[in-house]
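Architecture and fold: a report
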Amino acid sequence: LVFPRYAMALSNNHICPVHNWNYNQSCGLDSPGSCCTLDHIPLVSKCGTLPPESCFFSLICSLGSFMVILVGLLRYAHVLEHVGPSLLNTLGLAAGWICAAGLTMVGNFQVDHAKVLHYIGAGVAFPTSMLFVFLQSVLTYRAAKTRGHYWTGHLRSILTAVAFVTLVFSILLLESFVLQHVAALCEWVFIIDVLVFYGTFTFEFGAISTDTFLVLLKASRAPKSHKGEDSLPGTEGLPML
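A brief report on the enclosed structure follows.

Analysis parameters
- Once a new chain begins, its residue numbering starts again from 1 and follows that chain's sequence as written.
- Owing to the predicted nature of the model, reporting of local features is limited to residues with pLDDT of at least 70; listing and counting of side-chain atom pairs is limited to 80 or more, with chain, interface and lining totals taken over all residues.
- With hydrogens and water excluded, all non-hydrogen atoms of the structure serve as input to the side-chain values.
- Starting at the N terminus, helices and strands are each numbered in turn, a helix being any DSSP run of H or I of at least four residues and a strand any DSSP run of E of at least two.
- Helices are assigned an expected span. That span is 1.5 Å times one less than the residue count.
- Buried means the residue's accessible area, taken with a 1.4 Å probe over protein chains only, is under 20% of the maximum for its type, while exposed means over 50%, and partly exposed covers the values in between.
- Think of it as the arc spanned by the lines of direction from the helix axis to the C-beta atoms.
- Note on definitions: a residue-residue contact is assigned when non-hydrogen atoms from the two residues lie within 4.5 Å.
- Definitions used for this entry: grid spacing 1 Å over protein atoms alone; cavity, a set of points where a 1.4 Å probe fits but cannot get out; pocket, an open set with protein on both sides within 12 Å along at least 5 of 7 lines; lining residue, one with an atom within 4 Å of a point.
- Grid points are joined across faces, edges and corners, and a volume is the space filled by probe spheres set on the points.
- Classes in brief: Ala, Val, Leu, Ile, Met, Phe, Trp, Tyr, Cys and Pro nonpolar; Asp, Glu, Lys and Arg charged; the others, Gly included, polar.

Describing helix α8 (residues 210-221)
Between the first and last C-alpha of α8 there are 17 Å, a value that for 12 residues agrees with the 16 Å anticipated at 1.5 Å per step. Those residues of α8 that sit buried are Thr-212, Val-215, Leu-216 and Ala-219. Burial along α8 is one-sided: seen end-on, the buried residues are contained in an arc of 100°. In α8, the exposed positions that point more than 90 degrees away from the buried face belong to Thr-210 and Arg-221. Summarising the contacts, the buried residues of α8 are in contact with α2 (53-82).

Following this line, the structure appears as structure tokens:
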């Protein structure tokens, strides 16, 4: 769903290809359609600014927001079932849902038409997305019991590190006209990396059953407390359920 939007924007000459590294300050009327200026850098937001790709961009972000909410809730229930009540788990759920709200703003307020709202949404979605993957990496180690679980934790730690580096560079390099193209590449790598991270949840979600939802339902009715934050199943944190 990410690359068709880029291909659509590229085919309509709304952005320059990612392999282009030469930009002009302006293009004349007799310039070719592929003439690239600093207004055509293939940033993620630029790929969804003009129709028809702007419609596709809004659709993807809206569907993505729903999926983030759903995945966040399922992950919260899974950790609750295997680890017990945890402040980190609650923070992870909150970070995922706040990220979903920011993603909705990003998709429905295009950067060229509602710049302030678009940047507010991006300012919410990107950091909370980074926080979400970090917390989920920590929770993976907290819940790990087998070698496979630890390998999943290692994989998520690598993906989290890549996400952090690319996010930092995409922000810092965006301020430089010379390096904005590198910032665009970092944005794309960050998004793909986070999508791969979400894909790793298939390891745990395959074990979700009705018992998982029953634990979630009981937890929603129980008094809220995080005393069992560091407890494993069978310790004092579980009687709350």
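Section: the side chain of Ser-54
Along the chain, Ser-54 turns up in helix α2. Among all residues touching Ser-54, those that are not within four sequence positions of it are Gly-48, Thr-49 and Gln-110.

Remarks on the layout of surface pockets
Taken as a whole, the largest pocket holds about 1300 Å³ of empty space. Taken together, 49 residues form the lining of the largest pocket, with Val-44, Leu-103, Val-106, Phe-126 and Ile-191 sitting closest to its centre. Sort the elements by how many residues they give to the lining of the largest pocket and helix α4 (residues 115-143) lands first, with nine residues. Here the lining of the largest pocket is composed, by residue class, of 33 nonpolar, nine polar and seven charged.

Quick word on α2
For α2, built from 30 residues, the straight-helix expectation of 44 Å at 1.5 Å per residue is met to within 8% by its first-to-last C-alpha distance of 42 Å. One or two steps after α2, the chain reaches Gly-84, where phi turns positive at roughly 100°.

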